[in-house]
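Chain and residue survey
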Amino acid sequence: MSYNWQLPDWEKFVYDATVIDALCIEFALETGELKGLVDSLSTVIQQETILQFMISEAIKTSEIEGEFFSRQDIMSSIKKNLGITDVFSHIRDKNAQSIGKLMVTVRNSYSDKLTELSIKQWHTILMEYSKQISPGKYRTGEEPMQIVSGSYGKEIIHFEAPPSHQVGAEMKKFIKWYNDFEVKSSDIKKALIKTAISHLYFETIHPFEDGNGRIGRAIAEKCLSESLSRPVLMSISSTIEKNKKKYYESLKQAQQTLEITDWIFYFSNLILESQKNAKQIVLFTLSKSKFIDRFKDQMNERQTKVVLKMFENGAAGFVGGMTAIKYISITKTSRATATRDLQDLTEKNILVPRGEGRNRAYDLNLSDQEIIKR
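Report follows, based on the coordinates.

**Digging into the packing of helix 12 (residues 301-311) against helix 13 (residues 324-331)**
Orientation of helix 12 relative to helix 13, taken along the N-to-C sense of each, is 110°, at an axis distance of 10 Å. It follows that helix 12 is roughly perpendicular to helix 13 by the angle criterion. Here the hand of the crossing between helix 12 and helix 13 comes out right-handed. Along the contact surface, helix 12 presents Arg-302, Gln-303, Lys-305, Val-306 and Lys-309, while helix 13 presents Tyr-327, Ile-330 and Thr-331.

**Quick notes on unusual backbone geometry**
A positive phi angle, close to 50°, is found at Asp-9, a residue other than glycine. One non-glycine residue, Lys-332, adopts positive backbone phi at about 55°. Mapped onto the elements, Lys-332 comes out in the loop between helix 13 and helix 14 (335-347).

**Focus: the packing of helix 3 (residues 71-82) against helix 4 (residues 94-108)**
Here helix 3 crosses helix 4 at 45°, and the two axes come no closer than 8 Å. Our classification of the angle between helix 3 and helix 4 gives oblique. Helix 4 is crossed by helix 3, and the crossing has right-handed handedness. Packed against helix 3, whose contacting residues are Asp-73, Ile-74, Ser-77, Ile-78, Asn-81 and Leu-82, the element helix 4 presents Ala-96, Gln-97, Ile-99, Gly-100, Lys-101 and Val-104 at the interface.

**Focus: the packing of aromatic side chains**
This model, assessed by the stated rule, comprises 18 aromatic pairs. A ring pair is formed by Phe-174 and Tyr-201, whose centres lie 5.0 Å apart and whose planes are at 75°; its orientation type is edge-to-face. Placement of the pair is Phe-174 in helix 6 (residues 164-180) and Tyr-201 in helix 7 (residues 188-205), with a sequence separation of 27 residues. Comparing Phe-174 with Tyr-201, the two get one shared label, buried. Ring-pair connections join several aromatic residues into one group, and the members of that group are Trp-10, Phe-13, Phe-174, Trp-177, Tyr-178, Phe-181, Tyr-201 and Phe-202. Its guanidinium or amino end placed over the ring of Tyr-138, Lys-120 lies 4.4 Å from that ring's centre, counting from NZ or CZ. Above the plane of the ring of Tyr-178 lies Lys-194, whose end atom (NZ or CZ) is 4.0 Å from the centre.

**Let's talk about the pattern of salt bridges**
This model, assessed by the stated rule, comprises 20 salt bridges. With a closest N to O distance of 4.0 Å, Glu-11 and Lys-173 form a salt bridge. One end of the pair, Glu-11, is in the segment before helix 1 (21-39); the other, Lys-173, is in helix 6, and 162 residues separate them in sequence. Under the relative-accessibility criterion, Glu-11 is labelled buried at 19%. The salt bridge involving Glu-63 is made with Lys-60; its shortest N-O contact spans 3.2 Å.

Cut-offs and rules
Residues numbered from 1 in each chain as written. Predicted model: local features only at pLDDT ≥ 70, side-chain atom pairs only at ≥ 80, totals over all residues. Heavy atoms only, no water. Axes fitted to C-alpha atoms, helices over the stretch in contact; angles between N-to-C directions. Helix = DSSP H or I, 4+ residues; strand = E, 2+ residues; numbered from the N terminus. Parallel < 35°, antiparallel > 145°, perpendicular 65-115°, else oblique. Left-handed = near helix turned anticlockwise from the far one by under 90°. Contact = heavy atoms within 4.5 Å. Phe/Tyr/Trp six-rings, centres within 6.5 Å; stacked < 30°, edge-to-face > 60°. Buried < 20%, exposed > 50% of the residue type's maximum accessible area, 1.4 Å probe, protein only. Lys NZ or Arg CZ within 6 Å of the ring centre and 35° of its normal. Salt bridge = Lys/Arg side-chain N within 4 Å of Asp/Glu carboxyl O.

This is the structure in structure tokens:
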């Protein structure tokens, strides 16, 4: 099997840009509507919205690589690095602290020129607590860097990256290509194309021993934000994670040719879907704010803590709903008090019960909106 990087002048990709003409119009409408919606929010709600996006991206970009962090750890790390609170919860998992810091760094530097140094700094942040990987260092060694699946003895090689001794030169060419590809903020088509290619290009070089997927998705976010001249509000990783098989198959096909029209179409659709999902998250955050304002004077301190905890999982909802056992764990109160508080919340139409006996659980009642549950 041959790969794109084995071809002469392989960075000169070929594609039919008209394939995303209709998509560009739809994306322009979606991003315009989202920007208008966000601009209409108060500063506090805007901050909460941005936080939700960054948490989602941090969690999902890690899950794609098989790493699962607690939402609380990620949220604490991002809040700490944003400096939006004076009191920080203890972060149990240092790797969660790293991915949270990376999200903030990428967002804050979206308009800065992309360099090898900045990419290495991102990798240093991501791998700060790794015991096996050298943070900020390109891979070395004679062994080929391969993407492999299957059991021992029956491995299937999906992709083989350029040998380690070529990585430095390939990364210099990548950075030059990236910075030479200029995009006006009004040119959505070129912004989408550059973002799609930058992700493919970087993932093909695969310059690090580990962390290439997370850095590659960070580059895509930086590229789109820089091209549009504003930080984007979306989680590309959340969209990828919904159908990882399609993502990896599309990437595999694109890495075997310089004709990447299909990849441009796939990745642009991925971004469009991410933008549509973003609008739902903004609407959810707005609902949360209205919900808390409406009921804050009707809840005691324990009840408020629980309701806020239920909202923490975002639009995905609080898995399994709230139960008496969970209530006791969160508030450190007695079962009798937990039962009394939950009954009070139900009578005030703050929570909606479902199930009976041991199966009794409670969901947030968002009135005429969909109840948050899974």
